[in-house]
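If you want the building blocks of each chain, they are given just below.
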Amino acid sequence: MKKLLLILSLVFIFTGCFEPERNCTDFKTGTFEYKTYLNGELATSTFIRNDSIEIDKFQGKSDTSSVRWINDCEYILKNLNPKSMAEEKPIHMKILTTNKDGYTFEYGIVGQDKKQRGQVDRVK
């Protein structure tokens, strides 16, 4: 019984301490794609980000946003040319996990509890 308890304790210690990979600085700049379903159809958005600006291209239109990094894995996006009140609200982005090809992130409007998740793939 003691051996079983010891083994279970060790398994718990090693699996409980696992942290997902987060090499966020690898994704501060580059060209990326985000795919999502809109009205039942797969839609792709391509964006180019340097350290302080992000240019998003979606359905033939471009939007430019400022990027303010809070830490290596979190930043605030603010649309530079908003066309509506909704576009004026900044968005908090948080990189949750990374791999060699992209990252998983969580985002939401600053000050609101509702969050959504997505996956981004590096193009360049």
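Please refer to the structure placed before this passage.
Description of the structure in this document. (Residues numbered from 1 in each chain as written. Predicted model: local features only at pLDDT ≥ 70, side-chain atom pairs only at ≥ 80, totals over all residues. Heavy atoms only, no water.)

## Looking at the overall build of the protein chain
We apply this condition: Comment: elements are numbered from the N terminus, with helices defined as DSSP H or I runs of at least four residues and strands as E runs of at least two. Throughout this description, buried means an accessible area under 20% of the type-specific maximum (1.4 Å probe, protein chains only), exposed means over 50%, and partly exposed covers the range between. We get accessible surface area from the Shrake-Rupley algorithm with a probe of 1.4 Å; when it comes to residues, only the shown protein chains can shield them.
If you tally the helices and strands in the protein chain, you get two helices and eight strands. Listed by position from the N terminus, the elements making up the protein chain come as α-β-β-β-β-β-α-β-β-β. The burial tally for the protein chain puts 26% of its 124 residues in the buried class. Of the roughly 9,000 Å² of accessible surface on the protein chain, 56% is carried by carbon and sulfur atoms.

## Focus on the sheet that holds strand S6 (residues 91-99)
Using the following cut-off: Strands are treated as partners if at least two bridges between them are detected by DSSP. Interaxial angles span 0 to 180 degrees and are taken between N-to-C directions of axes, which are lines fitted to C-alpha atoms, for helices over the stretch in contact.
Pairing within the closed barrel is antiparallel, and its eight strands lie in the order S1-S2-S3-S4-S5-S6-S7-S8. The mean angle between the axes of side-by-side strands here comes to 35°, regardless of whether they run parallel or antiparallel. Where strand S3 (residues 53-58) lies against strand S4 (residues 61-71), six bridges are found, and the strand directions are antiparallel. The partner of Phe58 across the bridge, within S4, is Lys61.

## Remarks on the state of the cysteines
This is how it is decided: Disulfide: a pair of cysteine sulfur atoms within 2.5 Å of each other.
This model, assessed by the stated rule, comprises one disulfide. Shown here is the disulfide that connects Cys24 with Cys73, its sulfur atoms set 2.0 Å apart. Measuring the twist about the S-S bond at about 95°, one finds the Cys24-Cys73 disulfide to be right-handed. Linking Cys24 in the loop between helix H1 (2-16) and strand S1 (30-38) with Cys73 in the loop between S4 and strand S5 (74-79), this pair joins segments that are 49 residues apart in sequence. Cys73 shares its class with Cys24; the two are buried.

## What to know about the packing of aromatic side chains
What counts, and what does not: Geometry of aromatic contacts follows a simple scheme: Phe, Tyr and Trp rings, the Trp one being its six-membered ring, pair when their centres are within 6.5 Å, and the pair is stacked under 30 degrees between planes, edge-to-face over 60, tilted otherwise.
This model, assessed by the stated rule, comprises eight aromatic pairs. An angle of 45° between the planes, with centres 4.5 Å apart, marks the rings of Trp69 and Tyr75 as tilted. In this structure Tyr75 comes out as buried when scored by relative accessible area, which is 1%. Each member of the aromatic cluster is reached from another via a ring pair, and the members are Phe27, Phe32, Tyr34, Phe47, Tyr103, Phe105 and Tyr107.

## Notes on the pattern of salt bridges
Side chains that differ in charge, positive against negative, can pair when their charged atoms come close. Worth spelling out the cut-off: One speaks of a salt bridge when a side-chain nitrogen belonging to Lys or Arg is within 4 Å of a carboxyl oxygen belonging to Asp or Glu.
According to the stated counting rule, one finds five salt bridges in the structure shown. Asp72 serves as the salt-bridge partner of Lys28, at 3.6 Å between the closest nitrogen and oxygen. Of this pair, Lys28 sits in the loop between H1 and S1 while Asp72 is found in the loop between S4 and S5, placing the two residues 44 residues apart along the sequence. Owing to a relative accessible area of 18%, Lys28 belongs among the buried residues under this scheme. Taking relative accessible area as the criterion, Asp72 reaches 42% and is therefore assigned partly exposed. Asp63 is the partner of Lys83 in a salt bridge, and the nearest nitrogen-oxygen pair spans 3.7 Å. Taken together, the residues span a long stretch of sequence, with Lys83 in the loop between S5 and helix H2 (85-88) and Asp63 in strand S4 at a distance of 20 residues. Classification of Lys83 by relative accessible area gives exposed; the value is 66%.

## A look at the nonpolar core
We count it as follows: We define a nonpolar core as any set of buried Ala, Val, Leu, Ile, Met, Phe, Trp, Tyr and Cys residues linked to one another through side-chain atoms lying within 4.5 Å.
With 15 residues, the main nonpolar core has Phe32, Phe47, Tyr75, Tyr103, Phe105 and Val120 as its most contacted residues. For this core, the secondary structure elements donating two or more residues are S1, S4, S5, S6 and strand S7 (102-109).

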